[in-house]
Amino acid sequence: MVSLTITQPDDWHLHVRDGDALADIMSETTRCFARAIIMPNLNPPVTTTQQAEAYRQRIMLAIPDDVNFTPLMTLYLTDQTDPEEIELARASGFVHAVKYYPAGATTNSDSGVTDIRKTYNALQALSDNGIPLLIHGEVTDPNSDVFEREKLFIDQVLTQIIRDFPDLKIVLEHITTKHAVEFILAQSDNLAATITPHHLLYNRNAMFKGGIRPHYYCLPILKHEQHRLALVDAATSGNPKFFLGTDSAPHAVANKESSCGCAGIYNAPVAIELYTYIFEQAGALDKLEDFASLYGPRFYNLPTNTSELTLVKQSWTVPANKPLASETIIPLCNGEQLSWQVQT
Ligand code: DOR
Ligand code: ZN
């Protein structure tokens, strides 16, 4: 049987929510990833190191004792974030980044930043402490075209942040466009990007195949095929600026299949399998370990995992749905056959 063994990967962008659903969600990530950057967009958001510690403990309680997993916590940047909070985060040892959501850009971003200039003292503290700023890179002007929002953000906001904070480490999260790839390649090593499995696998047609398909709706939204191809090239290029971040974002089925459905794709049950398939299709299986296991820790100045993960080429069928506490959730590729499987 064909198999592939790599250093155990990490997920550098993950939503695990909170409460009763935590255990179900965590089990999908801990089956293959050793660490994950945990997004802070809870309601209310995780804005302080103290809140991050409490959340970290709830996550650890949701994981069985014999599972080896480290949640890498983040803080949610607001107009009010105090530079002293950044110092506390640095001292904690468990907060590894701060997330910038433009207010109104996506799920639970209402408390996000209304004007990036209001956060300049906090950004200076991040830069001074070597803590990465993780960016949801979309403008929020409701009149802007939803497919153009990433490009507009890069041109109008990101360029300005990089100009004013050249030493700040930045991850432009879940990039979706050729423009983003080209921009990142043109900047210093302080700018990197995560790429999701769904943006590598699908273009915007997926949302409309035979009817409206809410389980393919996420933000930033899926783009034109030319952008997907640029993302595949970037991910499989062996350039350390691009690494794995699933942006797995669970929402119960009722909140997705609605007249105003939530943005977010639940890919944790299939993510590493899909990345493997994508790299195989691109003839770049030899670059998978770099992207999934080596370039993320390098950017975050963390050690590489010493454990390994084996994937076997063996077809399996993704369940039609999964339990999410007392509700149900539809994973990406539900009911489909996948060609790679994690060896248990
Ligand atoms: O599709 C998304 N879902 N994009 C985000 O930025 C947030 C996420 C979520 O939290 O559901
Ligand atoms: Zn996200």
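The structure under discussion appears in the preceding block.
Keep in mind the model is a prediction, meaning the values are calculated, not measured.

> For this particular structure, what's the right way to read the overall build of the chain?
Of regular secondary structure, the chain possesses 11 helices and 13 strands. The C-alpha radius of gyration of the chain comes to 19 Å, within 12% of the 20 Å expected for a compact globule of 344 residues. Its C-alpha atoms give the chain principal-axis dimensions of roughly 55 × 45 × 40 Å. The proportion of buried residues among the 344 residues of the chain is 57%. Long-range pairs, those at least 24 residues apart, make up 73% of the contacts in the chain between residues at least 6 apart in sequence. Looking at the chain, you have 25 positive and 40 negative side-chain charges, and the mean spots of the two groups are 5 Å apart.

> I would appreciate a short explanation of the packing of aromatic side chains in the present structure.
The geometry of an aromatic ring pair is captured by two quantities: the separation of the ring centres and the angle between the planes. Following the criterion strictly, the structure yields 11 aromatic pairs and no others. Taking the centre distance of 4.6 Å and the plane angle of 20 degrees together, the rings of W12 and Y300 count as stacked. Pair noted here: W12 is in strand β2 (residues 11–14) and Y300 is in helix α11 (residues 288–300), with a separation of 288 residues, a long-range link. By relative accessible area, W12 is classed as buried at 0%. Given a relative accessible area of 8%, Y300 falls into the buried group. Aromatic pair Y202 and Y216: ring centres 5.0 Å apart, planes at 75 degrees, arrangement edge-to-face. On the criterion of sequence distance, the pair formed by Y202 in the loop between α7 (197–201) and α8 (225–235) and Y216 in the loop between α7 and α8 is long-range, its members being 14 residues apart. Residue classification places Y202 among the buried positions, given a relative accessible area of 13%. An aromatic cluster of at least three residues, connected via ring pairs, comprises W12, F243, F299 and Y300. Across from the ring centre of F299, 4.4 Å away, lies the NZ or CZ of K169, which sits over that ring. Sitting over the face of the ring of F147, R204 holds its NZ or CZ atom 5.0 Å from the ring centroid.

> Where do I start with unusual backbone geometry in this structure?
Among all residues except glycine, the phi angle is most often negative; among peptide bonds, the trans geometry is most common. The omega torsion of the bond from N43 to P44 falls at 0 degrees, within 30 degrees of zero and hence cis. By secondary structure assignment, the location of P44 is in the loop between β3 (35–38) and α2 (49–61). With an omega of -5 degrees, the peptide bond running from L219 to P220 counts as cis. Within the fold, P220 resides in the loop between α7 and α8. Despite not being glycine, N301 has its phi angle at roughly 55 degrees, a positive value. Looking at the element boundaries, N301 is found in the loop between α11 and β10 (308–317). Of note in the backbone geometry, C333 takes a positive phi value of approximately 65 degrees without being a glycine. We classify C333 as buried; its relative accessible area is 3%.

> What should I look at first to understand the site of ligand 1 in this one?
By nearness alone, every residue bordering ligand 1 is listed as H15, R17, N41, T106, T107, H136, C218, L219, A249, H251, A263 and G264. At 3.3 Å from an oxygen atom of ligand 1 is found a side-chain nitrogen or oxygen belonging to H15. Burial of ligand 1 by the surrounding chains reaches 100%, relative to a free accessible area of 290 Å². Judged by its atoms lying within 2 Å of the grid points, ligand 1 is housed in the largest cavity. Taken together, the residues of the shell around ligand 1 break down into four nonpolar, seven polar and one charged.

> Please clarify how the coordination of the zinc ion (ligand 2) should be interpreted in this entry.
Geometrically, a metal with four donors at the corners of a regular tetrahedron has ideal angles of 109.5 degrees, and one with six donors at the corners of a regular octahedron has ideal angles of 90 or 180 degrees. At the metal site, the zinc ion (ligand 2) is ligated by H13 (NE2), H15 (NE2) and D247 (OD), and these contacts range over 2.0 to 2.1 Å. Taking the relative accessible area as the measure of exposure, H13 reaches 1% and is therefore buried. Classification of H15 by relative accessible area gives buried; the value is 6%.

> Which parts of the structure should I look at to understand the nonpolar core?
Soluble globular proteins: nonpolar side chains tend toward being buried together. Core analysis: the largest hydrophobic core is formed by 83 residues, its most contacted members being Y100, I161 and I175. Per-element tally for this core: the top contributor is helix α5 (residues 149–164), with six residues. Those residues in contact with I161 that lie beyond four places of it in its chain are Y100, I116, L123, I135, L168 and I170.

> Got a minute to help me understand the sheet that holds β10 in this structure?
Sheet strands pair by backbone hydrogen bonding; their relative direction is either parallel or antiparallel. The sheet built from three strands is open, its strands ordered β1-β10-β13 with antiparallel pairing. With partners counted over all chains shown, the strands left at the sheet margins are β1 (3–7) and β13 (337–342), one partner each. Across the sheet, the mean angle from the axis of one strand to that of its neighbour is 30 degrees, orientation sign disregarded.

> What is the right way to look at empty space enclosed by the protein in this model?
To find leftover empty space, a probe the size of one water molecule is rolled over the atoms. Scanning the entire structure with this criterion turns up three cavities of 30 Å³ or more. There is about 130 Å³ of room inside the largest cavity. Contributing to the lining of the largest cavity are 19 residues, with H15, T106, L219, D247 and A249 lying nearest its centre. When the residues that make up the lining of the largest cavity are grouped by side-chain class, the tally is six nonpolar, 10 polar and three charged. The computed volume of the second largest cavity comes to approximately 60 Å³. Broken down by class, the residue content of the lining of the second largest cavity amounts to seven nonpolar, three polar and one charged.

Parameters and conventions
Residues numbered from 1 in each chain as written. Chains lettered and ligands numbered in written order. Predicted model: local features only at pLDDT ≥ 70, side-chain atom pairs only at ≥ 80, totals over all residues. Heavy atoms only, no water. Helix = DSSP H or I, 4+ residues; strand = E, 2+ residues; numbered from the N terminus. Rg over C-alpha atoms; globule rule 2.2 N^0.38 Å. Buried < 20%, exposed > 50% of the residue type's maximum accessible area, 1.4 Å probe, protein only. Contact = heavy atoms within 4.5 Å. Lys, Arg positive; Asp, Glu negative; His and termini not counted. Charge placed at Lys NZ, Arg CZ, Asp CG, Glu CD. Phe/Tyr/Trp six-rings, centres within 6.5 Å; stacked < 30°, edge-to-face > 60°. Lys NZ or Arg CZ within 6 Å of the ring centre and 35° of its normal. Near = heavy atom within 4 Å. Polar contact = N/O pair within 3.5 Å; in protein donor to acceptor, adjacent residues only side chain to side chain. Areas by Shrake-Rupley, 256 points an atom, 1.4 Å probe, with all protein chains shown as cover. 1 Å grid on protein atoms, 1.4 Å probe; cavity = no way out; pocket = protein on both sides within 12 Å on 5 of 7 lines; lining within 4 Å. Sits in = over half its atoms within 2 Å of the grid points. Nonpolar A, V, L, I, M, F, W, Y, C, P; charged D, E, K, R; others polar. Donors = N, O, S within 2.8 Å, 3.2 Å for Na, K, Ca; no water. Core = buried A, V, L, I, M, F, W, Y, C linked by side-chain atoms within 4.5 Å. Pairing = 2+ DSSP bridges. Axes fitted to C-alpha atoms, helices over the stretch in contact; angles between N-to-C directions. Points joined across faces, edges and corners; volume = space filled by probe spheres on them.

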